[in-house]
Amino acid sequence: MPLRKFEKVCEIINTYNKDKSKLIPILQDVQREYRYLPEEIMAYIATSLDIPPAKVFGVASFYAHFALEPRGKHIIRLCCGTACHVKGSLGLLEALRKRLNLTAEKHTTDDMLFTIETVSCLGACGLAPVMVINEDVYGQVTPVMAVNLVEKIMIEENGNETGA
Amino acid sequence: MNKKAFIYVDGIKAPINGERNLLEVIRKANIDIPTFCYHSELSVYGACRMCMVDVEGQGLMASCSVAPQPDMKVKTNTAEIRELRKIAVELLLANHEKSCPTCKRSATCKLQDLGRKLGIDKVRFKPINKQQPLEDASQVLVRDPNKCILCGDCVRMCAEVQGIGAIDFAYRGHDVAVLPAFGKSLDKVECVFCGQCARVCPTGALTAKSHVQEVWKALDDKNKKVVVQIAPAVRVAIGEMFGKEPGTVSTGQIVSALKILGFDRVYDTCFAADLTVIEEGSEFIRRVTQDGALPQFTSCCPGWVKFVEQYYPEYLDNLSTCRSPQQMFGSLAKKILPDDLNVAPKDLVVVSIMPCTAKKFEAARPEFLRDEIPDVDYVLTTQELGQMIESSGINFVNLQPESLDLPLGFKTGAGVIFGNTGGVSEAVLRFLNEKLTGNTQDNFEFTEVRGTEGIREAQVTFDGKTYSLAVVHGLGNARKLIENIKNGSCRYDLIEVMSCPGGCIGGAGQPISFDSDTREKRTKALYEADKMLQLHKSQENPYIKKCYDTHLGEVGGAVAHHLLHTHYKSRKRIHDADLSLMASKEAQQLEIRVCVGTSCYLRGSQDLLHALLCDIHHSDLKDKVDVKATFCFEKCSQGPVVRIGDKLVTSATLEKVKEEIESQLRKRQ
Ligand code: SF4
Ligand code: SF4
Ligand code: FES
Ligand code: FES
């Protein structure tokens, strides 16, 4: 519900006393609410802290940790570090993009269920290629396995929908 | 007494005289250390690494970021330094869009210049950046990210000198870019189009949008009569494009050149400046005697006007209602010239030559259009005129000077000094002095308002009453001054503000110059030009008197008001940033937009929003409304503002808003 989230944003800004130097923690807390940083919210933060919106945008876009686009309910992270690359992570990426109708520019499905992100190293090179879905880590993944995992979630989600 | 301190630059003794870094000391010793990210007007950034020198015992250091220490031994030209600089420039060139022959900055690009100076004849690296689209949505500036070398000069100029921060670094690594907020175009954010960012950009990444093609077209059109006005600051700068010293006055050559280019009449913006003095001076007397809003702010700088509209809407009543000289000229020309020149109004084209980029924005303001036709059709910068002259092959420096056309080409010295910071104030003082004391004595100069300090104060006494003045240049200084007025630590009667450091002579439309004394020379030249003229007070301009007699009627009267004055509006800083808070699924919901822009925010719109949302949430309205927070309805002085359907509720309270919602819902049933 957008209303509650917005109230939460106001609350967060007030907790930090509208202190300009607390921009980063404010953005972190706000992202926790929205799962990403909507442009309008960043503009609102800029107004409340009395700093230029370009500065807020600059900070938010600098840290990889901040997302500037809405992200899906399930985040799939694929490692494209050297080890994973050598073991064929690109094939995984292509298979998943194809299955989910995504591209290098479009990272999130229209139904907001999945987002694919690539990261440079997950620190599990021994298991290459590595894929992480939400908090679960999978190693030595093949394209078929990857697609199967995603389809399993799709089925569960469908169940949710009809069950609701 | 301290003994004089020295450093040794390549073995040569160089004195330290309080310079802020090693770089300045070395440059004074006549060694030109290359820099991209160092600018004497801005803070030190230390990112481009071009300014490396070898300090004995300490190794390589960025000379812009090191304080000079007595007896430092510095080498500026070692094999290692040469190679480092070469690599740095090559890396920049690898990713730089190399469209040099067609780039507006071709002759004044620091990157090109350094590439040549360092003898780079090939680039050893492959480009890695993707081609980015050009951003040219505004009428004023063009951003070409493919030419940006990320020196950050523009970012610091906008934030530090102009106090705005409309552009900043975004993203990281490969993707780093200098962008307006959220990657929007400059016309959708708080940019005031002063162009100072473009003035300091070492490359062609930020440039003014040219109107040269449109002007050529008008000149080629046999049915059109094209007249032109020249702003004061142009005449002391354009010579620089043709090898002349800054501060060479070339009014006569400009007139000849314009005539050769095909302009039918050549007039002077200084005439309109004289007009401005009389209207603005009289407005000031009215405000003082009739309890009008004080201080009175000058209004001839369009960047400053937009700045007030965006950041200080509560001071809009303090802005003089006078149009700027450019616009006074435009409306007057469109009114009287069709008859004088025997041409149909639609076939009269008014061009202006300005030292300024923001004048392009001003000319396009809806207040200055009549029947959708602008009073000033095209604005060329000094640089653009220089380019037209170059392309036509005219030998500018050898031209026989010609004189300006009458009547709109006749001016007094008061109109000429308008181009300097302090000039408008001084011109107005010359008028007030006579009006308020009846004194027509000869001494006309008010040197107390001259100078280069960012904020200057002066007191003048006329007829026993003392008036306080402030003269400001650079919008960051203007912000400081207004904050001081707001917190009560100072008060003034008359305040002059110009956006550009130095005033119009330092405008972003002027020829590019990286020399620190260029502005000073141009300023001096304008004061000297004043001295050379016979008349120094606007009220003595005989053509102005005649103009009032035949066309304008009384000073400040109805006709003058219509043609020479204007009004202002509060203005959004950022566009398209509505925030959806409560949306029902019904198709026919009533739209409610609560402003959370700065002015409304400070007037408690957040609490109002909170109360309203709670109220709606606990009522049966939930399914009938669609609530969004929005940024600014441009009615800031009457905040909080809420729009319900198509009705704006100002000074909104919960009761007022609820009442309006209910009445509109009732009407719908
Ligand atoms: S034109 Fe002026 S206000 Fe706009 S971005 Fe450049 S420096 Fe900032
Ligand atoms: S646009 Fe120009 S001034 Fe700004 S960072 Fe890029 S190169 Fe430097
Ligand atoms: S000028 Fe010193 S690092 Fe750029
Ligand atoms: S801030 Fe401008 S109308 Fe609300």
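Conventions and cut-offs
Residues numbered from 1 in each chain as written. Chains lettered and ligands numbered in written order. Predicted model: local features only at pLDDT ≥ 70, side-chain atom pairs only at ≥ 80, totals over all residues. Heavy atoms only, no water. Helix = DSSP H or I, 4+ residues; strand = E, 2+ residues; numbered from the N terminus. Buried < 20%, exposed > 50% of the residue type's maximum accessible area, 1.4 Å probe, protein only. Contact = heavy atoms within 4.5 Å. Areas by Shrake-Rupley, 256 points an atom, 1.4 Å probe, with all protein chains shown as cover. Lys, Arg positive; Asp, Glu negative; His and termini not counted. Charge placed at Lys NZ, Arg CZ, Asp CG, Glu CD. Expected span 1.5 Å × (residues − 1). Polar contact = N/O pair within 3.5 Å; in protein donor to acceptor, adjacent residues only side chain to side chain. Domains from an automatic or database assignment. Buried area = accessible area lost by both parts, 1.4 Å probe. Salt bridge = Lys/Arg side-chain N within 4 Å of Asp/Glu carboxyl O. Nonpolar A, V, L, I, M, F, W, Y, C, P; charged D, E, K, R; others polar. Pairing = 2+ DSSP bridges. Axes fitted to C-alpha atoms, helices over the stretch in contact; angles between N-to-C directions. Near = heavy atom within 4 Å. pLDDT = per-residue confidence, 0-100. Parallel < 35°, antiparallel > 145°, perpendicular 65-115°, else oblique. Left-handed = near helix turned anticlockwise from the far one by under 90°. Phe/Tyr/Trp six-rings, centres within 6.5 Å; stacked < 30°, edge-to-face > 60°.

(A) View of the overall build of chain B. Within chain B, the secondary structure is distributed over 21 helices and 24 strands. Looking at chain B as a whole, 58% of its 669 residues are labelled buried. Partitioning the intrachain contacts of chain B with sequence separation of at least 6 by distance along the chain shows that 73% fall at a separation of at least 24. Carbon and sulfur atoms provide 49% of the accessible area of chain B, an area that totals close to 28,200 Å². Taking the average location of the 85 positive side-chain charges in chain B and that of its 85 negative ones, the two points are 3 Å from each other.

(B) Inspection of helix α8 (residues 269-289) of chain B at higher detail. Residues and elements named next belong to chain B. In this model, α8 (21 residues) spans 30 Å end to end at C-alpha, consistent with the 30 Å of a helix rising 1.5 Å per residue. Of all 21 residues making up α8, 18 are buried, and the element is well covered by its neighbours. N-capping of α8 is provided by Asp 268, with a side-chain oxygen placed 3.0 Å from the backbone N of Cys 270. The positive-phi residue at the C-terminal boundary of α8 is Asp 291, with phi of around 55 degrees.

(C) How the structure looks around the domain arrangement of chain B. All names here are of chain B. As assigned here, chain B comprises domain 1 (6-77), domain 2 (88-208), domain 3 (212-564) and domain 4 (579-668). Inter-centroid distance (C-alpha atoms) of domain 2 to domain 3 is 30 Å. Contact between domain 2 and domain 3 buries roughly 1,900 Å² in total, counting both sides, with carbon and sulfur atoms accounting for 60%. Broken down residue by residue, the surface that domain 2 buries against domain 3 is led by Gln 162, Val 192 and Arg 199, which jointly contribute 28%. For the interface between domain 2 and domain 3, the tally reads 0 salt bridges. By residue number, the principal contributor to the side of domain 2 that touches domain 3 is helix α5 (residues 196-200), which donates 3 residues. Grouping the amino acids of the side of domain 2 that touches domain 3 by side-chain chemistry returns 12 nonpolar, 6 polar and 4 charged.

(D) Structural view of the sheet that holds strand β22 (residues 625-630) of chain B. Residue and element names in this part refer to chain B. Pairing is mixed in the open sheet, where 5 strands are placed in the order β20-β22-β21-β23-β24. The open sheet terminates on both sides in strands that have one partner only, identified here as β20 (579-583) and β24 (647-649). Direction aside, the axes of adjacent strands within the sheet are offset by 20 degrees on average. In terms of strand pairing, strand β21 (residues 590-595) meets β22 through 6 bridges, oriented parallel. What sits directly across from Leu 590, in β22, is Val 625.

(E) Examining the site of ligand 2 more closely. Contacts to ligand 2 come from 13 residues, most closely from Cys148(B), Cys151(B), Gly152(B), Cys154(B) and Cys201(B). Its residues assigned to classes, the shell around ligand 2 comprises 10 nonpolar, 2 polar and 1 charged.

(F) A look at the domain arrangement of chain A. Split by domain assignment, chain A resolves into domain 1 (3-62) and domain 2 (74-158). Taken over C-alpha atoms, the centre of domain 1 of chain A sits 30 Å from the centre of domain 2 of chain A.

(G) Summary view of the interface of chain A and chain B. Contact with chain A, which involves 27 residues of that partner, is made by 34 residues of chain B. Both sides together, the interface formed by chain A and chain B hides about 2,500 Å², and carbon and sulfur atoms give 66% of it. At the boundary of chain A and chain B, one finds 2 salt bridges. Between Glu39(A) and Lys184(B) there is a salt bridge, with its nearest N and O atoms 2.9 Å apart. Inspection of the region where chain A meets chain B yields 7 residue pairs in polar contact (both at pLDDT 80 or more). Elements represented by at least two residues in the side of chain A that touches chain B include exactly α1 (2-15), α3 (39-49) and α4 (53-62) of chain A. In terms of residue class, the side of chain A that touches chain B is made up of 17 nonpolar, 5 polar and 5 charged.

(H) Highlighting the pattern of salt bridges. Residue and element names in this part refer to chain B. Across all of its chains, the model carries 52 salt bridges over all chains by this definition. Between Asp 375 and Arg 323 there is a salt bridge, and its shortest N-O distance comes to 3.4 Å. Pair noted here: Asp 375 is in the loop between β15 (373-374) and β16 (378-381) and Arg 323 is in the loop between α9 (302-311) and α10 (325-341), with a separation of 52 residues, a long-range link. With a shortest N-O distance of 3.8 Å, Glu 434 and Lys 537 are connected by a salt bridge. Taken as a pair, Glu 434 in helix α14 (residues 423-437) and Lys 537 in the loop between α16 (518-532) and α17 (542-552) lie far apart in primary sequence, 103 residues in all. Residues Glu 434 and Lys 537 agree in their burial class; the two are buried.

(I) Structural view of the confidence of the model for chain A. Of the residues in chain A, 95% have a pLDDT of 70 or more, and the chain-wide mean is 87. The least confident element of chain A, judged by mean pLDDT, is helix α7 (residues 143-163) of chain A at 82; the most confident is α4(A) at 95.

(J) Geometry of the site of ligand 1. All residues adjacent to ligand 1 are Leu141(B), Cys158(B), Ile164(B), Ala166(B), Ile167(B), Cys191(B), Val192(B), Phe193(B), Cys194(B), Gly195(B) and Cys197(B). Broken down by class, the residue content of the shell around ligand 1 amounts to 10 nonpolar, 1 polar and no charged.

(K) A look at the side chain of Glu384(B). Residue and element names in this part refer to chain B. Examined against the element boundaries, Glu 384 turns out to sit in helix α12 (residues 382-391). Given a relative accessible area of 7%, Glu 384 falls into the buried group. Side-chain polar atoms of Glu 384 contact the backbone nitrogen of His 211, separated by 3.1 Å.

(L) Representation of the packing of helix α2 (residues 79-95) of chain B against helix α3 (residues 110-117) of chain B. Residues and elements named next belong to chain B. Two elements in contact, α2 and α3, have axes whose closest approach is 10 Å; the angle formed by their N-to-C orientations is 130 degrees. As summarised for this structure, α2 and α3 are arranged oblique, according to the angle between their axes. At the point where α2 passes α3, the crossing takes the left-handed sense. Together, Val 89, Leu 92 and Leu 93 of α2 and Leu 111, Leu 114 and Gly 115 of α3 make up the contact between the two elements.

(M) Summary view of α12(B). Residue and element names in this part refer to chain B. Regarding α12, the residues found buried are Thr 382, Glu 384, Leu 385, Gly 386, Met 388 and Ile 389. Close packing links the buried residues of α12 with β9 (206-208), α6 (212-220), α7 (251-261), β13 (348-354), α11 (358-363) and β16. Where α12 terminates, the next one or two residues include Gly 393, which has phi positive at roughly 80 degrees.

(N) Expanded view of the packing of aromatic side chains. Taken as a whole and assessed by the stated rule, the structure comprises 20 aromatic pairs over all chains. Relative to Tyr601(B), the ring of Tyr44(A) has its centre 6.0 Å away and its plane inclined at 75 degrees; by these criteria the two rings are edge-to-face. Here Tyr44(A) is found in helix α3, whereas its partner Tyr601(B) is found in helix α19 (residues 598-602) on a different chain. We classify Tyr44(A) as buried; its relative accessible area is 0%.

(O) Local environment of the packing of helix α2 (residues 23-34) of chain A against α3(A). All names here are of chain A. Two elements in contact, α2 and α3, have axes separated by 12 Å at closest approach and are oriented at 145 degrees. With respect to the hand of their crossing, α2 and α3 are arranged in right-handed fashion. On α3, the residues touching Leu 23, Ile 26, Leu 27, Val 30 and Tyr 34 of α2 are Ile 41, Ile 45 and Leu 49. Within the contact of α2 with α3, the residues separate by chemical class into 8 nonpolar, no polar and no charged.

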